[in-house]
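# Understanding the architecture of this molecule
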Amino acid sequence: MKIIKVQPQGIFAVNCYIVISETGNAVMIDAPEGAENILSEIEKNGGRLKKILLTHGHCDHIDSLAEIAEKTGADVYIHKFDAPKLTDSHMNLSNYFADYYEKPVDHYDKAVPVSDGDTITQDELTFKVLHTPGHTSGCVCYIIDDVMFSGDTLFRGSIGRTDMPDGNYSVLSKSLAMLAEIETDYRVLPGHSEETSLEREKQLNPFLGGNLFDF
């Protein structure tokens, strides 16, 4: 398994990750701005995009979704609670950020809905869906081996905001409490900012019961 982080682009600086199997088939985590750059990275690393896994349906994470899915024929997966955001410019917030988007992000209506505990497989790669609502009702983390793609649920030293439509801090707090109970020390690859680990966040992230002053 090879994991590539695509350099974040645009004002939202969303991380995009490419996971490539032993046979060269690729799975992409989120589809932010910069379709040409993302596709170039996949090609440069000898990959063929087969699947796109969305951590949630906000505009900054689906900006290039329709274009990349159309060009590659990749299957798209998103939690069932966030699936409506892919075809609703109000729900995915692209209308809210109209000063940045010249037009709403292109709609996409062919996504496969997933639920907590589902698995998505590509060759030897198996991703487990972990439903972690709060940033949105359909936020998820994807877990493969010792890696957790945490989307906008958990960041290095912080968490996703909950002051947007469909956000709920109380719900997110329960999701974070669940993450804090996980015993495995996952490598955490978040939707924004830098890589971290679950153990580090348990120790230092105040939202997981850690103490930043111990850093």
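Quantities reported herein were computed from a predicted structural model and do not represent experimental measurements.

What counts, and at which threshold
- Every chain is numbered independently, its residues counted from 1 as its sequence is written.
- At least 70 in pLDDT is required for a residue's local features to be given in this predicted model, at least 80 for side-chain atom pairs to be given and counted, and no such filter applies to totals for whole chains, interfaces and linings, which use all residues.
- Processing note: side-chain calculations cover all non-hydrogen atoms of the structure and skip hydrogens and water entirely.
- When DSSP finds two or more bridges between two strands, those strands count as paired.
- Under the scheme used here, helices are H or I runs from DSSP no shorter than 4 residues and strands are E runs no shorter than 2 residues, and both carry numbers assigned from the N terminus.
- Angles shown run from 0 to 180 degrees and are taken between the N-to-C directions of axes, each axis being a line fitted to C-alpha atoms and, for helices, limited to the stretch in contact.
- Contacts: residue pairs with any heavy atoms within 4.5 Å of one another.

With that out of the way, let us pick up the sheet that holds strand β1 (residues 2-6). One open sheet holds the 6 strands; their spatial order is β1-β2-β3-β4-β5-β6, and the pairing between them is mixed. Bordering the open sheet on either side are β1 and β6 (112-114), each of which pairs with just one other strand. Between one strand axis and the next, the sheet turns through 25 degrees on average, direction left out of account. The sheet contact formed by strand β2 (residues 16-20) and strand β3 (residues 25-29) spans 4 bridges and is antiparallel. Bridging across to β3, Ile 20 finds its partner in Ala 26. Set on the sheet, helix α1 (residues 35-44) makes contact with β1, β2, β3 and β4 (48-53); between it and β1 the angle comes to about 155 degrees. The sheet contacts of helix α3 (residues 65-72) involve β3, β4 and β5 (75-79), and relative to β4 the element is tilted by about 145 degrees.

This brings us to the sheet that holds strand β7 (residues 119-122). Spatially, the 6 strands line up as an open sheet ordered β7-β8-β9-β10-β13-β14, and their pairing is mixed. Two strands lie at the open edges of the sheet, namely β7 and β14 (196-197), each paired on one side alone. The sheet contact formed by β7 and strand β8 (residues 125-131) spans 4 bridges and is antiparallel. Bridge assignment links Gln 122 to a residue of β8, and that residue is Leu 125.

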